[in-house]
Structure formats: C-alpha cells, structure tokens
Amino acid sequence: MTLLSVDDLSIALPKGADRELAVKDVSFTLEKGEILCIVGESGSGKSMSANALMGLLPEGVRSAGGTIMFGGRNLLDLSETEMLSLRGCEISMIFQEPLSALNPLMRIGDQIAEVFEAHDLLTPRTRRARALELLQEVGLPDPETTIRAYPFQLSGGQRQRVVIAMALALEPQILVADEPTTALDVTTQAQILDLIEELRRKRGMAVLFITHDFGVVADIADRVIVMQSGEVVEAGVADTVLLTPTHPYTRALLDAIPGLAFTGTPRAATEGKPILSVRDLSMTFRTRTSGFFAKPRVVRAVKDVSFDLQKGETIGIVGESGSGKSTLGRCLARLLTPEKGVVKIGGQDISHIKGRALHAHRRRIQMVFQDPFSSLNPRARIGTILTDGLIAYGSDKASARARAAELLTLVDLDPSAMERYPHEFSGGQRQRVGIARALALEPEVIIADEAVSALDVSIQAQVLDLLADLKDRLNLSMIFITHDLRVASQVCDRIIVMQRGEMVEFGPLVQVLGDPQTVYTQSLLDAIPGKAHEKALAAQKEAAL
Amino acid sequence: MLGFIAARLVKAVFILLAILVLNFVLIHAAPGDPAAVMAGEAGAADEKFLQDLRERFGLDQPFAMQLWTYMRGAVQLDLGYSYRQQMPVAELIWDRLPATLLLTATAFVISIVLGVTAGVLAAQAQGTWWDTLISAVALIFYATPLFWVALMASLLFSVVLGWLPGFGYQTIGANYTGLDRVLDVGKHLILPASTLGLFFTAIYMRMTRASMLEVSRLDFVKTARAKGLRNSVIQRRHVLRNALLPVITLAGLQAGQIVGGAVLTETVFAWPGIGRLMFEAISQRDYNVILGVFFISAAMVLLFNLVTDILYGIVDPRIRIAT
Amino acid sequence: MKAFWFRYRQNRGAVIGLVILALVLLCAVAAPFLFPRSPWSMVQRPFLPPFTMDGLPLGTDALGRDVLSGLFHGARVSLLVGLVSTVVALAIGIPIGALAGYYGGLADDMLMRFTEFFQTIPSFALAIVLLAIFQPSLAYVILAIAIVSWPPVARLVRGEVLSLRHREFVEAATLSGQSNLAIILKQVLPNALPPIIVLASLMVATAILLESSLSFLGLGDPNVMSWGYMIGAARTVLRTAWWLSFIPGIAIVLTVLALNLIGEGLNDALNPRLRRRQS
C-alpha cells in the first residue's frame with residue numbers, strides 16, 4: 001500500500017546560492033512498513049527532500065513544483081495549521097545532532113509530554129505514564145530517573161533514543177530520519193539502527209531514512225534512492241542497487257567505500273631501532289568547575305600507553321570518541337605535554353623538553369588534521385601557509401617558496417595555488433594542502449588525526465590513495481588515528497585499539513581485525529555497518545570467477 | 001547550587017576588599033598631602049583637623065601599616081569624616097541610600113520588563129515594519145545621553161505640560177502619610193526612574209531580539225516544530241527561556257552602569273540619593289564622600305550581580321544541578 | 001575590499017550613519033577656519049535666541065558666547081576623545097585578552113580576575129573618582145574613559161582567541177615551529193579582527209557619551225569647549241532658554257547614532273555568515 005507519493009518535486013534555493021534548485025524533479029513512493037533510504041553526498045539535496053515532507057524547509061527555501069501526496073492530500077498545498085496537526089502525529093522526524101536536539105532547560109519527561117499536549121491528547125497524568133512507557137520501549141535504562149533528567153545528564157546515544165521516543169509517541173505512519181546516526185559512535189549507531197528496525201517491525205510504520213553511508217543503507221534499507229546534485233540518479237530494491245548498480249555515480253560511490261581489507265600481506269616489520277618509541281605515556285586533564293565546594297573534574301585521557309613505530313611502518317590507532325586517541329596523538333606531537341612517560345624519536349626523548357630544545361626537535365613529528373576547513377588559516381595564502389614553517393626553521397624566502405611549489409606538485413596540486421586563499425579550494429584540495437604542509441619540514445613521523453573523516457566518501461578514497469602513494473615514495477612512518485576500522489584496514493600495518501584511555505589491543509592488522517582478542521574489539525567490528533553486504537559482494541565475485 | 005552561590009559571595013567580598021585598596025591607593029596617588037585629600041579641598045580644613053587625621057590613619061607610619069588601618073576602619077563601615085558636611089561619611093550615605101536603591105531598582109525593573117517585551121515583539125515580527133520601528137526607537141534611545149533625556153523629559157512633562165513633578169523626592173511641606181505618601185513618592189519617581197531606565201531598555205531590547213533570533217535557529221527548536229507544536233508555544237517555552245539566559249548575564253553586567261547613571265539622573269531631578277551626594281561632593285572636592293559613594297555603589301552592583309547569578313542558577317539546570 | 005563595500009552598502013542605515021559622521025568630521029576639521037575666534041569669547045548679548053540675528057544663526061548662551069561656534073569646536077573634542085580613548089582602551093584590552101585566551105591556566109585566571117574587577121565596579125563612578133582626584137584635563141579625561149572601557153575588549157578578545165586557540169591551523173603553526181608571539185600576531189589576531197572592529201566602532205560612540213556626561217558634571221577639561229559642558233552650563237536656565245540644552249544634545253545624539261549605525265553596517269559586512277542567517 002502506497003502511503004506517500006512524491007512526484008516531480010522541485011525545491012528552489014534563495015537567490016545567490018550556488019545553484020538554483022536544491023532538488024529537481026524528484027519522484028518516489030513510500031510503502032507501508034518499508035524502510036526507504038535516500039543516499040547521497042553532501043549537497044545532494046537529500047535533507048531538503050526530507051524537510052519538504054514535514055513542511056520544515058529553511059527560511060528562504062521553497063518548493064517550486066510537483067506534489068507530495070499523503071492520505072489523499074497534497075502536503076505542499078496544506079496550510080500551516082493543517083501541517084501542524086500532521087507533524088508529530090502522522091509524520092514524525094528525527095535529526096542528526098542528538099546533543100542539540102533537546103531543549104537544555106526542560107526535563108525529558110516534559111519534552112515528551114509536549115507531543116501529546118501539542119495535539120490535545122491525554123491528561124497530564126496519563127501523558128507521564130505514556131512517556132515512561134515510551135522511554136522503556138526505546139530501551140532507556142531506568143525510565144523513572146530519565147523522565148526527570150535534563151538533557152545534559154544524558155549521553156548522545158541516550159538523547160537520540162529520547163528523540164526517537166518523542167517521534168514515536170503518537171504512533172505516526174511515517175518516520176523521517178535525517179542522518180540520525182551520523183554523529184554517533186559506531187557501536188551506538190548499531191544499537192540505534194537495531195532500534196529503528198525493531199520499531200518498524202513492531203509497528204509497521206514506514207521509515208524514510210536519509211544517509212550518506214552505504215554501509216548503513218546495506219544494513220537497513222528495503223529500497224534505495226541515490227541522489228546527486230538534487231536529482232535522483234538511481235532507484236530500486238536495495239540489494240539490486242548495491243550489487244548491480246547501473247549509474248556510474250552509484251558505482252563510483254560504492255567503489256569508494258573502504259572495505260575491511262585485511263587479507264593482504266602486511267609489510268614485514270623491519271627489525272632494528274624503532275623510529276618512534278613510546279613508553280608508559282599518560283595524560284590527565286583536570287577541569288575546574290565553577291562551584292566553590294565542587295571537586296575538580298579529573299579525566300584520565302591516556303593511561304600507560306607503550307609501543308614502537310618502525311621506519312616505513314603505519315600504526316593505526318582506533319577507538320570511539322573519548323577513547324583518548326586524539327589526546328595521544330597530540331602528546332606525541334607535543335601539542336600537549338604528557339603527564340608522564342617517554343616519547344623517543346630517533347633516540348631523543350621529547351616528552352618533556354621545552355623552549356629551544358623543543359623547537360629543535362619539533363619538526364621531526366608533523367600532523368595532518370581532521371577538518372579541512374579549520375586546519376588552514378582563512379586569512380593566509382596557501383604560499384604563506386606552506387612557507388611559514390620553513391622560514392621559522394631558517395630558510396630564506398625564495399628557497400622556501402621553491403620548496404612549497406615542489407610540495408604542491410607532490411600532492412597533485414598546481415603550484416599556482418600558492419597565490420590563492422583556502423576558501424577557493426574544495427575540501428579534498430584543502431586536505432592535500434594540509435598534507436603538503438605536514439611534509440614541508442621533512443618530518444620523520446607523520447601523525448594523521450582523522451585525516452579523511454570529514455570528507456565525502458569519493459574524496460576520502462582519493463586522499464587515502466595519495467597518502468598510500470606518498471608513504472611508499474617517501475618511505476614515511478605514520479601514526480594513523482581514526483574511528484573507522486574500515487579506513488584503518490586500508491592503510492595500516494599494525495593496529496592499536498583504545499578504550500577509555502587504555503590500549504586494549506595491539507598487533508598486526510590481520511591479527512587484530514581477523515582474530516580479535518578482546519570483547520571490545522569484537523564489538524567494534526560487529527558494529528561496522530554493511531558487513532552483510534560485503535559478504536554478498538564477495539560471494540558475487542566468487543560466482544563470477 | 002549552594003556551592004555556586006558561596007563561590008560568588010566569596011568573590012564579591014574579594015572585589016570589595018580590592019576596591020578599598022584601590023581607594024586607598026587613589027588617596028595617596030592624588031597630588032598633595034593625603035590628609036588634605038581626606039579632609040577635602042586643600043586649605044578648607046584647619047590644621048588641627050589635619051593633625052587628627054594624620055594620627056587616626058597613621059599617616060606618618062609605613063605604607064603597609066596605613067593600609068591596614070584604613071582597611072580595618074572601612075570593613076567596620078568607617079568611611080571617614082566629611083569635613084564639609086560635618087558628618088561621618090557612612091551616616092551621610094546611609095541617609096541617602098534608600099532613595100537611590102528605590103530609584104535604581106525601579107529603573108532596573110522598568111528596563112528589563114520593557115526591554116525584554118519589546119525585544120520579543122520585535123523578534124517575532126522580524127522583518128516587518130513593526131520590527132523596524134521598535135529597532136529604530138531602541139537605536140535612538142541607545143544613542144541618547146542619559147542626562148540630556150532627563151533634562152528634556154523634565155522640560156516637557158514638568159515645565160511645559162505640568163503633568164509630573166520635575167524635582168525632589170516628595171512634595172516639600174506636604175507631610176503626607178500612609179498611602180498618600182507612597183503615591184506622592186511614586187509620582188516623583190516616575191520621571192527619574194523611566195529616564196534612567198530608558199537607555200538600558202534599549203540595550204535589553206537589542207539583546208533580547210538578537211538572542212531570540214539566535215536561539216530560533218537551534219536544533220531543538222526544529223525538534224519542537226517537528227512535534228507539531230504551535231509557533232506561539234515554541235516561542236514562549238523553547239525560544240524565550242533559552243534566549244533569556246544571556247539577557248540575565250547582561251542584566252548583571254549592566255547593573256553597574258545603572259548605579260553609575262544614577263549620579264546623572266539624581267543630579268538633574270534633585271533626587272536626594274547618593275548620586276546627588278556624589279555630585280555635590282565633586283564640586284566641593286570632598287574626597288571622602290566621593291570615595292565612600294564609590295565604594296557603596298560598587299557594593300550595590302555586587303548585590304545586583306548576586307541576584308542575577310542566583311536567577312541564572314534557577315533558570316539553568318546545568319548550574320543548579322551540576323554545581 | 002569591493003565585496004566588503006558591497007555588503008556594507010546593503011545596510012541603508014549604515015550608509016546614512018557614514019554620511020552623518022562625515023559631516024561631523026567636516027565640522028570638526030573646519031572649526032578653526034570657520035570660527036577662528038575662541039568659542040569662549042563673548043560675541044553678543046547673552047540669551048540671544050536662534051535665528052534672530054545674521055551671523056549668529058544659533059544665538060548665544062548665558063555668557064553671550066556663539067552657540068554654533070561651540071558646536072563646531074565641540075565636535076573636535078567629541079571625536080578626539082572618542083577615537084583616542086578607544087585606541088587606548090584597545091591597547092590595554094587586546095594584549096590582556098590575547099594573553100589570557102592564548103596561555104589559559106593561571107595567566108588566564110589572574111588576567112580575567114583583574115578584568116572582572118574592572119568590569120564589576122561601576123565604570124561611570126570610577127571615571128568620576130579618577131577625574132575628581134586628578135585634575136581634569138583632556139589627557140586625563142581620555143585616560144579615565146579608556147580605563148573604564150577596556151574590559152569588554154579584553155573579554156571579547158579572550159573569547160575569540162580561546163576559540164581560535166584550538167583551531168587546527170593554530171596547532172599546525174605550533175608544529176611548524178613558529179613562536180608564540182608570531183602565532184598570536186599572525187595566525188590568531190587577524191582572525192579575531194572583525195568583531196574587534198565592530199566593537200571599536202561602538203566604543204567610540206560610548207566614549208563620546210561618557211565624555212559628554214563627565215563634562216556635564218563639570219569634570220571635563222575647563223579649557224576646551226565640549227557639547228556636554230554646553231548642556232551642563234545651560235542646565236540652570238532650562239526653563240528660560242531650553243534651546244541651549246536642546247541643540248548640543250541633538251549633536252550628541254546624531255553623532256552617537258551615526259557611529260552605532262556604522263557599527264551595525266560593519267557587523268553585516270564583516271560577518272556575512274551571521275547576516276545571511278538572520279535574513
């Protein structure tokens with residue numbers, strides 16, 4: 001039974017935007033009880049389509065044609081009052097950012113009860129009872145406490161469960177989920193996906209699921225729509241689209257997904273003196289709270305980490321948010337001074353040196369950062385960004401500029417980029433500049449901190465290729481920090497798994513991913529979306545041979 | 001929450017002590033004999049009085065000792081003696097303080113109520129002529145000197161129209177009692193309090209408007225809309241409450257300006273508060289009174305700040321519960 | 001620069017503000033040429049109302065001084081005090097805020113306690129105390145205004161620096177071996193500039209208001225003619241010669257209004273992202 005049908009929907013952006021239409025002639029239907037995924041990269045118009053269903057387009061953005069038929073009515077023709085009675089009741093929506101999706105000043109229970117109030121249902125007392133039931137249903141422990149809690153007292157995953165509880169309160173026929181798991185850790189993501197799947201089954205509601213992640217699509221979608229620059233390029237049953245894509249864009253996207261590839265032979269760990277040697281590294285943060293009697297909050301971000309990095313080797317540090325992996329990286333690069341422990345590079349302990357001594361050794365470890373938008377000074381030309389370091393280490397301007405041009409060629413950018421500003425480049429190009437900057441001082445070790453996490457999947461693959469290529473050509477030694485095991489499996493020789501500041505597992509890639517020794521690593525592996533799809537792909541390949 | 005308040009109290013005490021040190025330093029930094037500075041304009045006091053002062057404050061003793069003597073006195077609310085007025089400064093201030101408290105508190109309430117209301121109206125009517133009008137009026141008030149508004153208001157409403165009394169605290173010689181007296185004081189209060197509040201009304205209005213618009217863009221407002229809540233409910237329950245947090249902070253910061261502004265308003269309207277006292281002391285170079293009023297007005301500001309801090313704690317659960 | 005002017009021009013109020021300020025500036029520059037005689041000198045009988053005598057379009061005050069000449073010379077003082085005290089306040093506030101935000105920890109604690117102290121004490125009362133104790137001269141007026149108006153600068157700069165401090169490009173600059181001073185001056189502060197410029201334009205306006213208030217109370221430099229002094233001197237004759245208070249007040253309102261409008265225009269032009277979100 002078709003619940004909702006979208007025909008030739010177009011959405012116009014305000015004047016002066018980079019294109020006229022955010023969404024152009026999009027058509028699809030949503031059947032009762034199915035999960036339909038709209039997948040695409042940033043700017044593909046997938047979120048706009050979802051917002052149009054709810055009548056919640058951002059200011060200045062308006063629908064420019066087509067129909068959205070639901071229950072015999074065109075949603076685009078409804079008045080605001082008519083939409084009000086629909087929202088939250090017939091069609092519900094959940095969003096990407098669970099941390100900011102709840103009013104910080106209101107108790108959870110009141111925020112859930114509001115849904116009933118908005119539609120004049122139930123009495124205050126029964127609203128509370130229903131809220132308790134809902135919290136139970138979305139799997140929140142101890143609903144009695146949660147109902148009185150404020151959002152800041154809950155974790156991201158718990159908040160997303162609350163948002164889902166609110167969306168389900170009036171048993172809507174359609175749930176619109178706009179990237180609901182993107183901001184969550186991979187294990188939490190798996191739990192939320194399970195929850196959505198389970199609720200769909202129990203209630204027979206239809207889900208319109210917006211995502212950029214084909215792994216997620218493979219795990220939950222019945223049908224899928226692929227969007228590119230506002231247009232639908234491919235649509236069909238999930239398995240068909242994922243296994244036999246027909247449109248080149250879909251194919252490119254699918255090819256770019258890093259798989260869990262740990263079958264290749266890792267490079268033989270060269271014996272001998274390690275280039276970087278870390279012993280018992282610990283870091284503790286103390287934050288003072290504003291209260292007078294309040295104790296300072298102590299966070300032991302990194303606890304007793306030890307490992308050796310050989311020349312030419314890449315060690316991956318993986319873990320969820322809060323595992324201390326980034327803190328560890330910053331301690332190694334001496335952006336932070338570790339609390340205790342030893343960091344030796346080429347035999348020299350740099351863990352606690354200061355001033356002139358630190359300056360002398362600093363250039364030996366360089367970093368590539370996560371966010372291509374905040375890692376380049378918006379007010380400096382690329383040339384300045386690349387030469388600042390060389391000049392600080394005594395190069396004259398002319399030779400520094402010559403070297404910068406060389407570096408740009410090395411990362412496949414044109415040397416004319418020197419005269420331009422960061423905002424003139426795309427995310428992937430900026431990340432190339434970031435890599436060139438890290439290489440400028442000819443470091444012995446490069447630390448890549450989530451260096452591809454902020455990039456769209458197709459760009460991600462290009463940057464990973466570049467890193468692999470540079471690593472071979474320049475015989476770089478690298479620490480690769482990431483939350484994504486799939487990415488780690490593409491570039492690393494050995495893997496360190498971190499949990500709450502501790503190293504829980506350390507070994508060759510094949511061993512850690514193929515035969516994990518701890519429950520935690522296993523749970524990380526289990527949570528990776530799209531594994532069933534990978535198996536199907538492998539089977540397909542085998543059959544083809 | 002208690003810890004939070006205690007921390008603020010301790011801080012307030014330290015600031016008061018620091019102001020005393022500043023006062024002491026200023027007396028000694030002023031050109032001329034500190035005793036003469038304390039006594040008022042050089043030559044106004046006789047030699048015996050100066051000698052008294054030197055002994056009492058140990059002005060021939062080491063600097064640290066002098067500071068100690070001064071602080072010990074001040075902590076016991078001994079703010080020195082006004083030679084000009086032949087009265088202890090503390091007593092002078094004590095007599096005038098209620099009038100100033102009444103004036104500043106009224107102005108404070110007027111400006112917050114009017115400012116927040118106008119700000120909410122403007123934000124909700126964003127982009128319409130109604131918003132433009134409110135914003136333009138606020139902009140003009142924001143650019144108008146307090147004392148000039150006071151002068152013009154007294155000219156218009158008191159001299160020309162004769163609607164309201166233009167000076168003083170109550171009708172001289174009327175000797176009202178009970179409700180009549182309250183009404184009489186209230187009538188005298190209207191002009192000074194509203195002109196003092198006007199400038200701050202403009203500030204609160206601009207702040208509330210900006211804050212409302214800022215909060216309207218946050219994710220939880222989108223969640224609220226997805227629930228199917230009516231816009232009026234969203235504005236009141238979700239937007240306004242969150243938007244008021246920065247306004248409360250600002251209200252605390254502006255309290256100091258209101259107390260400072262009282263000097264101007266009280267001068268124009270001959271309102272018998274400590275601001276007027278300060279103005280008189282300026283022309284007589286009566287330093288003890290000036291410094292005393294300065295100290296007490298700082299204490300008033302700290303009091304206003306404490307109230308807004310507690311208010312903030314009540315509104316924001318993150319402070320109420322987490323500290 | 002072109003794009004900047006384009007965005008600034010979008011705000012009609014800001015353009016009007018610029019025109020008004022240009023006029024006031026013109027008056028200030030032209031004052032010694034148009035009115036070479038001291039604005040303190042008596043030119044006619046006192047209390048001459050405006051528009052009653054050729055050559056004295058705005059009449060005379062209680063001591064027979066030319067009101068128009070006073071206005072022109074007053075513009076010089078207002079703008080001078082506004083600009084110089086703002087520059088001094090920036091010179092105090094920017095380093096304090098930058099150091100506190102960049103180094104954090106104990107330095108931040110100490111510097112912010114210090115700033116908070118100055119922000120808590122009623123600034124106008126402090127300015128009065130300072131000028132009552134030191135002799136009121138133009139330099140002291142400027143200094144007193146700067147001393148009471150730097151704390152917001154320090155807080156703003158600290159906040160900006162704090163948020164920029166952990167941006168990845170600043171960390172990258174640290175890794176590339178640049179000194180802390182170079183990082184603050186070349187990486188951090190240029191990015192904190194837009195809000196500082198906006199605040200500065202508003203501070204000039206506030207400083208002009210403060211100067212007029214101080215002069216009104218008789219705490220201005222007794223040797224320079226200023227708008228606040230003119231209003232203060234005419235206060236006692238409000239009933240009989242109201243225009244003597246009214247006219248300089250309008251001059252203050254227009255100048256301060258112009259500066260505030262310019263501040264809003266600068267805000268729109270320098271923070272285009274914010275602007276777009278608002279419209």
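Whatever comes next refers back to the structure up there.
To keep things clear, this report deals only with the structure shown in the data block. (Residues numbered from 1 in each chain as written. Chains lettered and ligands numbered in written order. Predicted model: local features only at pLDDT ≥ 70, side-chain atom pairs only at ≥ 80, totals over all residues. Heavy atoms only, no water.)

What about the pairing of strand S17 (residues 445–449) of chain A?
Residues and elements named next belong to chain A. Note the cut-off: When a residue's accessible area, from a 1.4 Å probe over protein chains only, is under 20% of the maximum for its type it is buried; when over 50% it is exposed; and in between it is partly exposed. Secondary structure follows DSSP: runs of H or I at least 4 residues long count as helices, runs of E at least 2 residues long count as strands, and numbering of each begins at the N terminus. Should DSSP find at least two bridges between two strands, the strands are regarded as paired. Place the viewer so that the strands point away; then a crossover is right-handed whenever the path from the first strand over the helix to the second strand goes clockwise.
S17 sits mainly inside the fold: 5 of its 5 residues count as buried. Of the strand pairs in this sheet, S17 and strand S18 (residues 477–482) are connected by 5 bridges, and their pairing is parallel. When the bridges of S18 are listed, Val445 appears paired with Ser477. The handedness of the S17 to S18 crossover, carried by helix H16 (residues 457–474), is right-handed.

Describing the interface of chain B and chain A
Condition: We call two residues in contact when some of their heavy atoms are within 4.5 Å. When two parts are brought into contact, each loses some accessible area as probed by a 1.4 Å sphere; the total of that loss over both is the buried area. Salt bridges are defined by distance alone: a side-chain nitrogen of Lys or Arg within 4 Å of a carboxyl oxygen of Asp or Glu. N or O atoms within 3.5 Å of each other form a polar contact, as long as, within protein, one can give a hydrogen and the other can take it, and as long as residues adjacent in sequence are counted only when both atoms are side-chain atoms.
Contacts between the two partners involve 28 residues from chain B and, on the opposite side, 32 residues from chain A. Contact between chain B and chain A buries roughly 2800 Å² in total, counting both sides, with carbon and sulfur atoms accounting for 61%. Inspection of the chain B/chain A interface yields 3 salt bridges. The residue A:Glu117 makes a salt bridge to B:Arg237 at a minimum N-O spacing of 2.8 Å. Scanning the region where chain B abuts chain A turns up 13 residue pairs in polar contact (both at pLDDT 80 or more).

Structural notes on the sheet that holds strand S20 (residues 502–508) of chain A
Residues and elements named next belong to chain A. To be explicit about the condition: Only C-alpha atoms enter the line fits that serve as axes; for helices the fit covers just the stretch in contact. Angles between N-to-C directions range over 0 to 180 degrees.
Strand order across the open sheet formed by 6 strands is S16-S17-S18-S13-S19-S20, with mixed pairing between neighbours. Looking at the sheet topology across the chains shown, the edges are occupied by strand S16 (365–368) and S20. The sheet shows a mean angle of 20° between the axes of neighbouring strands, direction not considered. Where strand S13 (residues 314–318) lies against S18, 5 bridges are found, and the strand directions are parallel. Counterpart to Val318 in the pairing with S18 is Thr482.

What to know about a nonpolar patch on the surface
Residue and element names in this part refer to chain B. Condition: Only residues whose relative accessible area exceeds 30% and that form no salt bridge enter a patch; like-charged residues are grouped when within 9 Å of one another, and nonpolar side chains (Val, Leu, Ile, Met, Phe, Trp, Tyr) when within 5 Å. For the area figures, the Shrake-Rupley method with a 1.4 Å probe applies, and any residue is considered shielded solely by the protein chains shown.
Residues Leu121, Trp129, Trp130, Leu133, Val137, Ile140 and Phe141 make up a contiguous nonpolar surface patch of roughly 660 Å² in combined accessible area. A total of 6 residues in the nonpolar patch trace back to one element, the largest contributor, which is helix H6 (residues 129–142). With respect to the helices and strands, the residue Phe141 is situated in helix H6. Classification of Phe141 by relative accessible area gives partly exposed; the value is 32%.

Quick notes on the interface of chain B and chain C
At the junction of the two partners, chain B supplies 48 residues and chain C supplies 44 residues. Summed over both partners, the interface of chain B with chain C buries about 4300 Å², with 75% contributed by carbon and sulfur atoms. Where chain B touches chain C, the interface holds 2 salt bridges. With its nearest N and O atoms 3.3 Å apart, the salt bridge here joins C:Glu264 to B:Arg206.

Some remarks on the sheet that holds strand S15 (residues 348–349) of chain A
Residues and elements named next belong to chain A. What the 4 strands build is an open sheet, ordered S12-S11-S14-S15; its pairing is antiparallel. The sheet is open, and its two borders are formed by strand S12 (297–309) and S15, each paired with just one other strand. Running over the sheet, helix H11 (residues 325–332) touches strand S11 (276–287), S12 and strand S14 (340–345) and is turned about 115° from S11.

As for helix H11 (residues 274–284) of chain B
Taken across its 11 residues, H11(B) has 8 buried, putting it largely inside the fold. Every buried residue of H11(B) is accounted for by B:Ile274, B:Gly275, B:Arg276, B:Leu277, B:Met278, B:Phe279, B:Ala281 and B:Ile282. Where H11(B) is buried, its residues contact helix H5 (89–124), helix H10 (231–269) and helix H12 (287–315) of chain B together with helix H5 (123–133) of chain C. Just beyond H11(B), the residue with positive phi is B:Arg285, at close to 50°.

So, the packing of helix H9 (residues 180–216) of chain C against helix H11 (residues 243–270) of chain C
Residue and element names in this part refer to chain C. Just so we agree on the cut-off: Angle categories are assigned with fixed cut-offs, so that under 35 degrees is roughly parallel, over 145 is roughly antiparallel, 65 to 115 is roughly perpendicular, and the rest are oblique. Only Asp, Glu, Lys and Arg are considered charged, only Ala, Val, Leu, Ile, Met, Phe, Trp, Tyr, Cys and Pro nonpolar, and every remaining residue, Gly among them, polar.
Where H9 contacts H11, the axes come no closer than 8 Å and their chain directions differ by 170°. One way to sum up the angle between H9 and H11 is to call them roughly antiparallel. When H9 is examined against H11, the residues Pro194, Ile197, Val198, Ser201, Leu202, Val204, Ala205, Ile208, Leu209 and Ser212 are found in contact with a partner set consisting of Ile252, Thr255, Val256, Leu259, Asn260, Gly263, Leu266, Asn267 and Leu270. For the contact of H9 with H11, the per-class residue count stands at 13 nonpolar, 6 polar and no charged.

Thoughts on the packing of aromatic side chains
Condition: Between 30 and 60 degrees the pair is tilted, below 30 it is stacked and above 60 it is edge-to-face, where a pair is any two Phe, Tyr or Trp rings, Trp via its six-membered ring, whose centres lie within 6.5 Å. Lysine and arginine charges are scored as sitting over a ring when NZ or CZ, respectively, is within 6 Å of the ring centre and within 35 degrees of the ring normal.
Enumeration according to the criterion identifies 21 aromatic pairs over all chains in this entry. Seen from their ring centres, B:Tyr169 and B:Trp271 are 5.0 Å apart, and the 70° between their planes marks the pair as edge-to-face. Taken together, the residues span a long stretch of sequence, with B:Tyr169 in the loop between helix H7 (146–160) and helix H8 (178–216) and B:Trp271 in the loop between H10 and H11 at a distance of 102 residues. This pair shows no difference in class: B:Tyr169 is buried, exactly as B:Trp271 is. Following the ring pairs from residue to residue traces out a cluster consisting of B:Trp148, C:Trp242, C:Trp243 and C:Phe246. Its end group placed over the ring of B:Tyr142, B:Arg206 keeps NZ or CZ at 4.8 Å from the ring centre. Over the face of the ring belonging to C:Tyr102 we find C:Arg165, whose NZ or CZ atom lies 4.2 Å from the ring centre.

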